Amino acid sequence: MKTNNTFLFSIDLEDVRENVENKHLYKDRVIENTQIYLNWLKKHQSKCTFFTVGKVAEVHPELIQTILAEGHEIACHSYAHIPVANQSPEEFRIDLSKNIEALQKAGCTTIKGYRAPIFSIDKRCEWAYEIMKEFGITYSSSVLPAKNPLYGWPEFGQEYKQFPNGIIEFPISLDRFGPLNLPFAGGVYFRALPEFLILRSFKKYFRNNQPALSYFHPYDLDTNQEKFMHSGINNNKFFNWLMYYNRKNLIKRLDMVIALDARITTYSEFISKL
Ligand SMILES: [Zn+2]
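All values derive from a computational prediction rather than experimental measurement.

Peer 1: I would appreciate a short explanation of the overall build of the protein in the present structure.
Peer 2: A tally of regular secondary structure across the protein gives 10 helices and 12 strands. Expected size for 274 residues packed as a compact globule is a radius of gyration near 19 Å; at 17 Å, the protein falls within 12% of this value. Each principal axis of the C-alpha atoms in the protein carries an extent, and together these give about 45 × 40 × 40 Å. Counting over 274 residues, the protein shows a buried share of 56%. Counted over contacts in the protein with a minimum sequence separation of 6, partners at least 24 positions apart contribute 76%. Carbon together with sulfur atoms contributes 53% to the accessible area of the protein, which is approximately 12600 Å² in total. Computed over 33 positive and 30 negative side-chain charges, the separation of the two mean positions in the protein equals 7 Å.

Encoded structure:
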């Protein structure tokens with residue numbers, strides 16, 4: 001299949017304050033930040049997939065309705081944003097069920113996709129695909145196909161593939177930077193790696209007729225967020241500094257990818273053409 005410079009640009013719609021100590025001391029900036037992405041997508045007449053945390057849908061149902069009204073796709077990104085590898089199958093089943101319920105309450109009628117928090121599905125929790133199937137999920141974008149101290153699954157390989165139960169897994173796109181295999185099109189990596197290297201990686205994917213998979217969060221472009229220690233980085237000051245790094249240039253960098261004649265599409269739209 002010819003993928004025509006497909007850019008599977010997607011948003012992990014979550015609240016950066018989740019699991020942060022004293023989170024209520026800080027402002028909820030989800031709406032304001034998401035609106036910047038929505039405006040950008042509208043400018044480029046593009047529709048994408050928003051992998052949405054159930055708690056966010058509960059707090060901001062009107063945002064979910066705006067996203068749907070503008071023609072984008074809503075998919076799951078868990079209820080409480082706990083890595084799948086840290087859950088038992090039963091805990092995962094309850095979390096996914098609550099995620100779907102929250103999205104439905106906010107107005108979603110069709111929910112086909114799932115993305116694990118922090119790309120946390122690996123060989124240890126392959127059972128998760130059977131549980132997704134129970135809920136009618138048809139695709140997932142939950143694997144980091146490289147060695148990683150936390151949740152990597154290097155044996156998965158870098159191309160999307162279908163499991164025997166029908167679910168298609170789209171692992172995050174990687175490229176090699178020296179000794180490291182990095183998700184160049186996602187969040188902090190996209191902000192922090194040199195611009196020309198990012199563009200080179202996109203060109204490589206497009207030339208090889210592979211869709212480039214990305215993930216961005218509302219906070220990735222937030223230049224007005226208060227300073228606090230983020231969760232999930234073991235109080236590491238350098239990682240926390242990276243969390244804020246180069247947010248101001250995110251949209252400019254995305255425009256440079258679009259200038260490569262990249263075509264943004266939703267996951268469902270992409271799958272329908274396979
Ligand atoms: Zn997330």
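From this point, the discussion proceeds with the structure in view.
Peer 1: Could you clarify how one ought to interpret the coordination of the zinc ion in this entry?
Peer 2: In an ideal tetrahedron of four donors about a metal, each angle is 109.5 degrees. In an ideal octahedron of six donors, the angles are 90 or 180 degrees. Within the protein, the zinc ion binds to E14 (OE), H77 (NE2) and H81 (NE2); these donor distances fall in the range 2.0 to 2.1 Å. Written as a sequence motif, the donor residues of the zinc ion are E-x62-H-x3-H. With relative accessibility at 0%, the residue H77 sits in the buried group.

Peer 1: It is not clear to me how the sheet that holds strand β1 (residues 6-8) should be interpreted in this structure. Could you clarify?
Peer 2: The pairing of strands in a sheet happens through backbone hydrogen bonds and is either parallel or antiparallel. Sheet architecture is open: 3 strands sit in the order β11-β1-β12, paired in parallel fashion. Sheet topology places β11 (212-213) and β12 (263-264) at the edges, where each strand pairs with a single neighbour.

Peer 1: Explain unusual backbone geometry to me, please; I cannot follow it from the model alone.
Peer 2: Among all residues except glycine, the phi angle is most often negative; among peptide bonds, the trans geometry is most common. Phi is positive for Q45, which is not a glycine, with a value near 45°. Considering the arrangement of structural elements, one finds Q45 in the loop between α1 (30-43) and β3 (49-52). Phi at N246 takes a positive value of approximately 55°, unusual for a residue other than glycine. Among the structural elements, N246 can be located in the loop between α8 (237-244) and α9 (250-258). According to the relative accessible area criterion, N246 is buried, its value standing at 14%.

Peer 1: Can you help me understand α8 in this one?
Peer 2: Because an α-helix packs 3.6 residues into every turn, residues spaced three or four apart end up facing the same way. For α8, the set of buried residues is N240, L242, M243 and Y244. Along its buried surface, α8 packs onto α6 (187-192). N-capping of α8 is provided by N236, with a side-chain oxygen placed 2.9 Å from the backbone N of F238. Positioned one or two residues after α8, N246 has a phi angle of 55°, which is positive.

Peer 1: Honestly, the state of the cysteines in this entry has me stumped. Any pointers?
Peer 2: Two cysteines joined by a covalent bond between their sulfur atoms form a disulfide. A complete count under the given rule lists 0 disulfides for this structure. Sulfur of C76: no disulfide; nearest cysteine sulfur belongs to C108 and is 8.5 Å away. Of all cysteine sulfurs in the structure, the one in C76 sits closest to C125, which takes part in no disulfide; the separation is 16 Å. Judged by relative accessible area, C125 falls into the buried class, the value being 1%.

Peer 1: What should I look at first to understand the packing of α1 against α9 in this one?
Peer 2: Helix-helix packing is described using two parameters, namely the angle between the two axes and the distance between the axes. Here α1 crosses α9 at 25°, and the two axes come no closer than 12 Å. Classified by the angle their axes make, α1 and α9 are roughly parallel. Note on packing geometry: the crossing formed by α1 with α9 is right-handed. Of the residues in α9, those in contact with I36, Y37, W40 and K43 of α1 are L250, I251, L254, D255 and I258. Residue classes in the contact of α1 with α9 are distributed as 7 nonpolar, no polar and 2 charged.

Peer 1: What should I look at first to understand a nonpolar patch on the surface in this one?
Peer 2: On the surface, a nonpolar cluster with roughly 440 Å² of combined accessible area is contributed by F238, F239, W241 and Y245. Inspection of the secondary structure assignment puts F238 in helix α8.

Peer 1: Looking at this structure, how should I read the side chain of S140?
Peer 2: By the element assignment, S140 lies in strand β6 (residues 139-140). Residues within four places of S140 in sequence aside, it is in contact with Y114, Y129, M132, I167, I168, E169 and F170.

Peer 1: Would you mind going over the pattern of salt bridges with me for this structure?
Peer 2: Opposite charge on two side chains makes pairing possible when the charged atoms of those side chains draw close. For the structure on display, the rule yields 20 salt bridges. Between R253 and E195 there is a salt bridge, and its shortest N-O distance comes to 3.8 Å. Residue R253 is located in helix α9, and its partner E195 is located in helix α7 (residues 195-207); the two are separated by 58 residues in the primary sequence. For E195, a relative accessible area of 28% corresponds to the partly exposed category.

Conventions adopted
Residues numbered from 1 in each chain as written. Predicted model: local features only at pLDDT ≥ 70, side-chain atom pairs only at ≥ 80, totals over all residues. Heavy atoms only, no water. Helix = DSSP H or I, 4+ residues; strand = E, 2+ residues; numbered from the N terminus. Rg over C-alpha atoms; globule rule 2.2 N^0.38 Å. Buried < 20%, exposed > 50% of the residue type's maximum accessible area, 1.4 Å probe, protein only. Contact = heavy atoms within 4.5 Å. Areas by Shrake-Rupley, 256 points an atom, 1.4 Å probe, with all protein chains shown as cover. Lys, Arg positive; Asp, Glu negative; His and termini not counted. Charge placed at Lys NZ, Arg CZ, Asp CG, Glu CD. Donors = N, O, S within 2.8 Å, 3.2 Å for Na, K, Ca; no water. Pairing = 2+ DSSP bridges. Polar contact = N/O pair within 3.5 Å; in protein donor to acceptor, adjacent residues only side chain to side chain. Disulfide = S-S within 2.5 Å. Axes fitted to C-alpha atoms, helices over the stretch in contact; angles between N-to-C directions. Parallel < 35°, antiparallel > 145°, perpendicular 65-115°, else oblique. Left-handed = near helix turned anticlockwise from the far one by under 90°. Nonpolar A, V, L, I, M, F, W, Y, C, P; charged D, E, K, R; others polar. Patch = residues over 30% accessible without salt bridge, like charges linked within 9 Å, V, L, I, M, F, W, Y side chains within 5 Å. Salt bridge = Lys/Arg side-chain N within 4 Å of Asp/Glu carboxyl O.

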